[in-house]
Amino acid sequence: MEVKKYILPTAILCLGLLLPQLLDFFGLQYLLSLATRALIYGLAASSLNLILGYGGLVSLGHAVFMGIGGYTAGILLYHIQAGSRILGLLLPGSFWNSALIAWPLAIVLAALFALVTGLISLRTRGMHFIMITLAFAQMVYFFFTSLDAYGGSDGISLYGRNTLPGLDLDNDQVFYYLCLVILLIVLFLMHRILQARFGRAFIAGRENIVRLQALGIAPLGYQLSAYCLSGAVAGLAGALLVNQGEFVSPDILHWTRSGELMVMVLVGGMARLFGPVLGAVVLLFLEEYLAMYTDHWMVIFGPFLILVVLFGRSGLYGLLFEKGERS
Amino acid sequence: MLVLNDIKSRYGRARVLHGISLHVGAGEMVALMGRNGMGKSTLMRSIIGLTPPAHGSITFAGRAIHTLPPYKIARLGIGYVPENREIFPSLTVRENMETVAADYGRVMDPYTPERVFSIFPRLRERHDHRGNELSGGEQQMLAIGRALVINPLLLLLDEATEGLAPILCEEIWQGLALLKKRSMAILMADRNIDAMLAISDRCLILEKGRVVWQAEKPFSAFTDKVRCRYLGV
């Protein structure tokens, strides 16, 4: 029984590790970038799952953190590749081109934005929280669409990715593995945090915030920390996505992106560690394949989404892996 | 220790409490009685800050608490066990307690989840079960245990034995008697009047948001006539 529990996860991990080779073998290399994007969106959806699934904070503006992370990496790359000044400074490319600088910067800026907006939006609940997160995201969206220096609504194309010592990030296989490792590390850390007292208090806040307060715990600190953490991870996902596609535009933080992240969480499984990754994989591959047959692929995907949400309260993850385990 | 002075509380425009004054001394057990809808639960909610009083003052250990948010009131040493238990459903029995455990009352020998298990052995058997897998009685024990591990000086118990099988009630009364012996101050409302009075030092009867009758141990004044007049039983 115990062994049986580990067979499927091990198989999936092996599939993830061997995917580039398998795609090579079957001559399907073009799917590698899709798989990489699925991992990155899985990372972003997992960050949303932290606050939405475990914390009950329904944010409809989560893509804004991807956008801030993505634009941070994108703008740095753009200036270094063009050899132009940023805020009047000429940055030495060898240093600022490094992923070890650009990505942490993307994480920090996204977390800072989460801190400021979280302080305001976490004072509200439910519908108001949804609307205020959406409003912040749209503000940033329109800021970037009107930012002509960086292409406005057309965005900017980049020539190459950040560099990382010892790794050739321009190699798609290397980049795939890097995304996989980052995703696994983040999921592991998220698991540890949720098991700790901090995570338990955060979950208890979702289940009964009034009760938690009457027991001497002020939920705002927990929620704000989780919100920043979530924003930071989404910021990293944004930086990865921009590197992967070598392109950044305001589209990355449009509110429909936030909606997609939410759909990934719902389809995959709310408050399930691997749910959002599953949701991201299913959504991106379905989109890819359904779009081959019809432009109106949403007509097929819509009913699918409704069925999953109706019959699997914990999403596809619950349907596939939790047969009668827990309600 | 707890002093209420002329407390008036309301839900929106509906006035529920019309000027209640009472006190609970250190280590004292006070029974709150009255028919349904007379303001017992509202009184407790007002003390813990969930329904802040519109008028009057509440002091606890010399500090005014009626303007504080619930978490600050709890941290001063007041534990509250609500009427409908409100266990965190996806946390285990142990996690329900460990998540909030603290020593707010700065007591000599603080309650830990382990010590709660020794008061309610049934919880130990169920320690890794989730809140939503517990029976009503187990949930009630956990609700009390969860209020104990924040180590309050005063415990507010709202209908601790409501809807429980007699055998479970007995376990809870034994647990409460033990707490009283360890000089925890308790303000409680319960339908099992006789069991409650057996361990109480004083009793109050609320009617339409006012204290209309009170007595001290051994409650010789609490005759069948009083019972019939105010409680209708």
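Heads up: the structure comes first, above all this text.
Small disclaimer: the values here were computed from a predicted structure and weren't measured.

Reading the values: rules and limits
- Residues numbered from 1 in each chain as written.
- Chains lettered and ligands numbered in written order.
- Predicted model: local features only at pLDDT ≥ 70, side-chain atom pairs only at ≥ 80, totals over all residues.
- Heavy atoms only, no water.
- Helix = DSSP H or I, 4+ residues; strand = E, 2+ residues; numbered from the N terminus.
- Rg over C-alpha atoms; globule rule 2.2 N^0.38 Å.
- Buried < 20%, exposed > 50% of the residue type's maximum accessible area, 1.4 Å probe, protein only.
- Contact = heavy atoms within 4.5 Å.
- Areas by Shrake-Rupley, 256 points an atom, 1.4 Å probe, with all protein chains shown as cover.
- Lys, Arg positive; Asp, Glu negative; His and termini not counted.
- Charge placed at Lys NZ, Arg CZ, Asp CG, Glu CD.
- Pairing = 2+ DSSP bridges.
- Axes fitted to C-alpha atoms, helices over the stretch in contact; angles between N-to-C directions.
- Phe/Tyr/Trp six-rings, centres within 6.5 Å; stacked < 30°, edge-to-face > 60°.
- Left-handed = near helix turned anticlockwise from the far one by under 90°.
- Nonpolar A, V, L, I, M, F, W, Y, C, P; charged D, E, K, R; others polar.
- Expected span 1.5 Å × (residues − 1).
- Polar contact = N/O pair within 3.5 Å; in protein donor to acceptor, adjacent residues only side chain to side chain.
- Core = buried A, V, L, I, M, F, W, Y, C linked by side-chain atoms within 4.5 Å.
- Disulfide = S-S within 2.5 Å.
- Salt bridge = Lys/Arg side-chain N within 4 Å of Asp/Glu carboxyl O.
- Buried area = accessible area lost by both parts, 1.4 Å probe.

(A) Structural context of the overall build of chain B. What chain B contains, in helices and strands, is 9 helices and 10 strands. Taken over the C-alpha trace, chain B has a radius of gyration of 17 Å; the compact-globule value for 233 residues is 17 Å, and the two agree within 12%. Its C-alpha atoms give chain B principal-axis dimensions of roughly 45 × 40 × 35 Å. Counting across all 233 residues of chain B, residues that qualify as buried make up 55%. Considering only contacts in chain B between residues 6 or more positions apart, those separated by 24 or more positions represent 67%. Accessible surface computed for chain B: about 9,900 Å², of which carbon and sulfur atoms make up 50%. Once the 30 positive and 24 negative side-chain charges of chain B are each reduced to a mean point, those two points are 8 Å apart.

(B) Expanded view of the sheet that holds strand β2 (residues 14–24) of chain B. All names here are of chain B. Strand order in this open sheet of 4 strands is β2-β1-β4-β5, and the pairing throughout is antiparallel. Taken across any chain shown, the strands that pair with only one partner, and hence form the sheet edges, are β2 and β5 (63–64). For strand β1 (residues 2–11) and strand β4 (residues 55–60), the ladder comprises 5 bridges, and the chain directions are antiparallel. Bridge pairing links Leu 4 to Ile 58 in β4. Each of β1, β2 and β4 touches helix α1 (residues 40–48); the most contacted strand, β1, lies at about 110° to it.

(C) Focus on the packing of aromatic side chains. All names here are of chain A. Inspection of every chain in the model, using the stated rule, returns 13 aromatic pairs over all chains. A centroid spacing of 5.7 Å and a plane angle of 45° characterise the contact between Phe 301 and Phe 304, whose relative ring orientation is tilted. Here the residue Phe 301 and the residue Phe 304 both occupy positions in helix α13 (residues 298–311), the gap between them amounting to 3 residues, near one helical turn. According to the relative accessible area criterion, Phe 304 is partly exposed, its value standing at 27%. Here the aromatic residues Phe 65, Phe 113, Phe 129 and Tyr 227 are joined through ring pairs into a cluster of three or more.

(D) Representation of the packing of helix α5 (residues 99–121) of chain A against helix α6 (residues 126–145) of chain A within the structure. All names here are of chain A. Where α5 contacts α6, the two axes come as close as 10 Å, and the packing angle between them is 145°. Crossing of α5 against α6: the hand is right-handed. On α6, the residues touching Phe 113, Thr 117, Ile 120 and Ser 121 of α5 are Phe 129, Ile 132, Thr 133, Phe 136 and Val 140. Within the contact of α5 with α6, the residues separate by chemical class into 6 nonpolar, 3 polar and no charged.

(E) Just the sheet that holds strand β3 (residues 29–33) of chain B, in detail. Residue and element names in this part refer to chain B. One open sheet accounts for 6 strands, arranged β6-β7-β8-β3-β9-β10; its pairing is mixed. Strands at the two margins of the open sheet, each flanked by one partner only, are β6 (78–81) and β10 (210–216). This sheet shows a mean twist of 15° between the axes of neighbouring strands, independent of strand direction. Bridge count between strand β7 (residues 154–158) and strand β8 (residues 185–189): 5 bridges; the pairing is parallel. Bridging from a neighbouring strand, Leu 154 pairs with Ala 185 of β8. Each of β3, β6, β7, β8 and β9 (202–207) touches α1; the most contacted strand, β7, lies at about 145° to it. Running at roughly 170° to β6, helix α6 (residues 136–148) makes contact with β6 and β7 of the sheet.

(F) Layout of helix α7 (residues 172–195) of chain A. Residue and element names in this part refer to chain A. With 24 residues, α7 ought to run about 34 Å at 1.5 Å a step, and its terminal C-alpha atoms sit 35 Å apart, in line with that. Where α7 is concerned, the buried positions are Phe 175, Tyr 176, Leu 178, Cys 179, Leu 180, Ile 182, Leu 183, Val 186, Leu 187, Met 190 and Leu 194. For α7, the N-terminal cap is Asn 171; the gap from its side-chain oxygen to the backbone nitrogen of Gln 173 is 2.7 Å.

(G) Structural detail: the nonpolar core. One finds A:Trp103 and B:Phe222 to be the most contacted residues of the largest nonpolar core, which totals 153 residues. Residue contributions to this core peak at 16 residues, all from helix α2 (residues 31–54) of chain A. Counting residues in hydrophobic clusters, the runner-up holds 31 residues, among them B:Leu32, B:Met38, B:Met44 and B:Ile58.

(H) Main features of the state of the cysteines. Counted according to the given criterion, the structure contains 0 disulfides over all chains. Here B:Cys169 stays unpaired: no disulfide links it, and the sulfur of B:Cys203, its closest cysteine neighbor, is 20 Å away.

(I) Inspection of the pattern of salt bridges at higher detail. Taken as a whole and judged by the stated rule, the model has 19 salt bridges over all chains. The shortest N-O distance in the salt bridge between A:Arg257 and A:Glu260 comes to 3.3 Å. Pair noted here: A:Arg257 and A:Glu260 are both in helix α11 (residues 255–268), with a separation of 3 residues, about one helical turn. On the basis of relative accessible area, A:Glu260 is assigned to the partly exposed category, the value being 22%. Ionic pairing is found between B:Arg94 and B:Glu98, a salt bridge with its closest N-O pair at 3.9 Å. Highlighted residues: B:Arg94 and B:Glu98, both in helix α3 (residues 93–98), separated by 4 residues, approximately one helical turn. Residue B:Glu98 is classed as partly exposed on the basis of its relative accessible area, which comes to 37%. One continuous salt-bridge network, built from bridges that share partners, spans B:Arg94, B:Glu98, B:Glu114 and B:Arg124.

(J) Local environment of the pairing of β7(B). Residue and element names in this part refer to chain B. Buried residues dominate β7, accounting for 5 of its 5 residues. Of the two faces of β7, both are covered, the one formed by Leu 154, Leu 156 and Asp 158 as well as the one formed by Leu 155 and Leu 157. In the sheet, β6 pairs with β7 via 4 bridges, with the strands oriented parallel. By the bridge assignment for β7, Ile 78 is matched with Leu 154.

(K) Representation of the interface of chain A and chain B within the structure. Listed by partner, the interface residues are 19 residues for chain A and 26 residues for chain B. When chain A packs against chain B, the two sides together hide about 1,900 Å² of surface, and 57% of this comes from carbon and sulfur. The largest contributions to the chain A side of the interface with chain B come from A:Arg200, A:Arg211 and A:Leu215, which together make up 33% of the buried area. Counting every contact that joins chain A to chain B gives 2 salt bridges. Counting every contact that joins chain A to chain B gives 10 residue pairs in polar contact (both at pLDDT 80 or more). At the level of secondary structure, the elements contributing two or more residues to the side of chain A that touches chain B comprise α8 (197–207) and α9 (209–214) of chain A. Of the residues forming the side of chain A that touches chain B, the biggest block, 7 residues, is contributed by α8(A). Its residues assigned to classes, the side of chain A that touches chain B shows 9 nonpolar, 4 polar and 6 charged.

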